Amino acid sequence: MSFEKIYKRIIAIGGVLIIGLLLSIFITLFINSSISIKKFGFSFLINKTWDPVFENFGAFPFIVGTLLTSIISLIISIPFSLSVSLFIGEYYKDTIFSKIFETFIEILAVIPSVVFGLWGLFYLAPIVRNLQIKFSLPPTGVSVFTASLVLSIMIIPYTISVGKEVIKLIPTDLKEAAFSFGATHYEVIKKIILPYAKSGIIAGFLLSFGRAIGETMAVTMVIGNVNTIPRSIFLPGNTIASVIANEFLEAITKIHISALIELALILFVITFILNLIANNIIKKVV
Amino acid sequence: MKIFKDRIFKFLVIFLSFLTLTPLFFIFYIILKNGLSSINLKFFFSLPKPPGEIGGGILNAIAGTFLLLFFASLISIPIGIFFGMFLYEFKEKKIGKICNILIDVLQSIPSIVIGIIAYLWIVKKMGHFSAIAGSVALSLIFLPIIAKATKETFEMVPFSMIETSLSLGSSYPRTIFKVILPISINGILSGVLVGLGRISGETAPLLFTAFGNSFLNFNICKPVSSLSLLIFTYTMSPYEDWHRQAWGCAFVLIILILILNSISKVGLKKWKVKF
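Numbering of residues starts from 1 in each chain and follows the order in which that chain's sequence is written. Here the convention is simple: chains get letters from A, ligands get numbers from 1, in the order in which they are written. The model is predicted, so local features are restricted to residues of pLDDT at least 70 and side-chain atom pairs to those at 80 or more, both for listing and for counting; the totals for chains, interfaces and linings are taken over all residues. Only heavy atoms go into the side-chain values, all of them from the structure, while hydrogens and water stay out.

**Concerning the pattern of salt bridges**
Where we set the bar: One speaks of a salt bridge when a side-chain nitrogen belonging to Lys or Arg is within 4 Å of a carboxyl oxygen belonging to Asp or Glu. Think of it this way: any DSSP run of H or I at least four residues long counts as a helix, any run of E at least two long counts as a strand, and we number them from the N terminus. Think of it in three bands: with a 1.4 Å probe and only protein chains considered, a residue is buried below 20% of the maximum accessible area for its type, exposed above 50%, and partly exposed in between.
All chains considered together, the criterion is met by eleven salt bridges over all chains. A salt bridge links B:K151 to B:E155, with the shortest nitrogen-to-oxygen separation between them at 3.5 Å. On the criterion of helical spacing, the pair formed by B:K151 and B:E155 is a turn pair, its members being four residues apart in helix 6 (residues 131-156). Linking B:E202 and B:R198 is a salt bridge whose minimum nitrogen-to-oxygen distance equals 3.1 Å. Among the residues examined, B:R198 registers a relative accessible area of 30% and is labelled partly exposed. Within this structure, A:E4, A:K8 and B:E89 form a network of salt bridges that share partners.

**Considerations on unusual backbone geometry**
All names here are of chain A. Phi at S136 takes a positive value of approximately 45°, unusual for a residue other than glycine. Within the fold, S136 resides in the loop between helix 5 (113-134) and helix 6 (144-168). For S136, a relative accessible area of 66% corresponds to the exposed category.

**Details of the interface of chain B and chain A**
Rules: Residues are treated as being in contact if the distance between any of their heavy atoms lies within 4.5 Å. Two parts placed together each lose some accessible area under a 1.4 Å probe, and adding up what both lose gives the buried area. Within 3.5 Å is the distance limit for a polar contact, defined as a pair of N or O atoms, with the added protein rule that one can donate a hydrogen and the other accept it, and that residues adjacent in sequence qualify only through two side-chain atoms. Note on residue classes: Ala, Val, Leu, Ile, Met, Phe, Trp, Tyr, Cys and Pro are nonpolar, Asp, Glu, Lys and Arg are charged, and everything else, Gly too, is polar.
With 82 residues of chain B at the contact, the number on the chain A side is 75 residues. Between chain B and chain A, roughly 7000 Å² of surface is buried when both sides are summed, and carbon and sulfur atoms account for 82% of that area. Our count for the chain B to chain A interface comes out at three salt bridges. Along the contact surface separating chain B from chain A lie nine residue pairs in polar contact (both at pLDDT 80 or more). Broken down by class, the residue content of the side of chain B that touches chain A amounts to 59 nonpolar, 13 polar and ten charged.

**Notes on the nonpolar core**
Under the convention used in this document: Among the buried residues, those of types Ala, Val, Leu, Ile, Met, Phe, Trp, Tyr and Cys that are joined through side-chain atoms within 4.5 Å form a nonpolar core.
With 171 residues, the main nonpolar core has A:L29, A:I244, A:L263 and B:I112 as its most contacted residues. Every residue in contact with A:L263, bar those within four places of it in the chain, is listed here: A:F44, A:W50, A:A59, A:F62, A:I240, A:V243 and A:I244.

**Some thoughts on the side chain of B:K151**
Classification of B:K151 as buried rests on a relative accessible area of 13%. Ignoring any residue separated from it by four or fewer positions in sequence, one finds B:K151 in contact with B:G84, B:L87, B:Y88, B:K91 and B:N100.

**Quick word on helix 6 of chain A**
Residue and element names in this part refer to chain A. Note the cut-off: One less than the number of residues in a helix, times 1.5 Å, gives the span that helix is expected to have. Two axes enter the bend calculation: one fitted to the seven residues ending at the residue in question, the other to the seven starting there, and the bend is the angle between them.
Helix length check: helix 6, at 25 residues, gives a terminal C-alpha distance of 36 Å against a target of 36 Å (1.5 Å per residue), a fit within 8%. The largest bend in helix 6 comes to about 35°, at I155, with the proline P157 one to four residues further on. Burial of helix 6 is extensive: 20 of the 25 residues sit out of reach of the surface. At the N-terminal end of helix 6, a side-chain oxygen is found 3.3 Å from the backbone nitrogen of F145, two or three residues along, and the residue is S143.

Okay, structure coming up:
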């Protein structure tokens, strides 16, 4: 056997390890949540109560909380991330301005979640509290809305990282053809750039959405941690990730721990699917 | 009208772009303002005081962070490079493509789920929280970053260099270890630095693993604190003085992350091999 074959045999172990690692993560989550899966079955997803005392567990309030925070944060972030993507990828493409902007966005991306939480709790929550007083709601400061605001800032870099690349990729001759017909820059963006870059931008949104769903620390610190379905976005709630962070160490009964691990399993499966879709789109575009 | 619309749109894009950066500047201003005032030599070199008492420092968290980063690197760097070499070698094959996706999936797993995994794998078996459990949790985040950096730098090595080495009679594995790997080392190193910056700020994976410790500890089988864990517990505490220290800690953490990231940037430029 040649050296090359031996080398390839050895290096192939890497593949076995990668597959084994992912499989064992999934199996670990599955086995450890089996008590909860057996007891509650499918109703776990639609049960509205989460009661550790009477051992009745349903994930519905947290699924609602997770969807609320991530959808609201995505909607808030869209105009901003699109603008910056156009700024970097089109208006000031390859200039010093876009370099500076890219650097700042990168810095925004490396700020730890826990620092966003610290800032959100002491600076954003008081602003939200004033809003709550205006709407005559309980002035908690921490709420689903506060968490969404913090999240929207945190996910902007993820959309931009994909958005600017696909906008840069648009062939120049297409744009030049439109310009030569007397189209304004706005019309070129609306009629050519956005339709052309659409799928890439959507992939960026999906990636950001996945991030928002799994984000833990910042959300835990500003969402208020209440285990019921929030009646208003200005009231406290909980997400799947934040309830795990809050209760996992305090859970004593087996069924409680198992239910929390099932929540982790749900989170894993959702982000797995979102990531597969987004990467599939990106691979087709780029 | 047409031109007016165009102008308005451009103005809007620029305005919103700058507005996007305001939270960044605001956060930095606040961290500077609140952080600098609580930092002095004593802050770095003393241990926390009991809850409610004024004073104390973050020595335990600084030591813990470095301990966690050190062991996470020890686990992740060799395995990560190995995974990266596999991904490069089998990139055309189906198994390589599947593993490439799986590495992306591993990277996208929410950090709190990683924390639970490390808890179930290690803390549950050992029976108590430990630094090693925290390091394993961080490794699961660190691994895919190194694997991707390795694969991507390997791919940048021009094929002519591989051909030259092979035509001179050296075997394929020798070419990998003597030609491709040495050229790629800078790219991999920069990936390592980016990854270190990323995991030094992670908190969620450490909640159920490293757990936190208000004493100085270098034993990897015992719980340790970290800068990020300290920020979390101090922020959620009711004590005014601990809030002040949380800002100081955030300042230290941000500086650490920015340093790691800028070294990797400068390094990538400076160490870039010229072909």
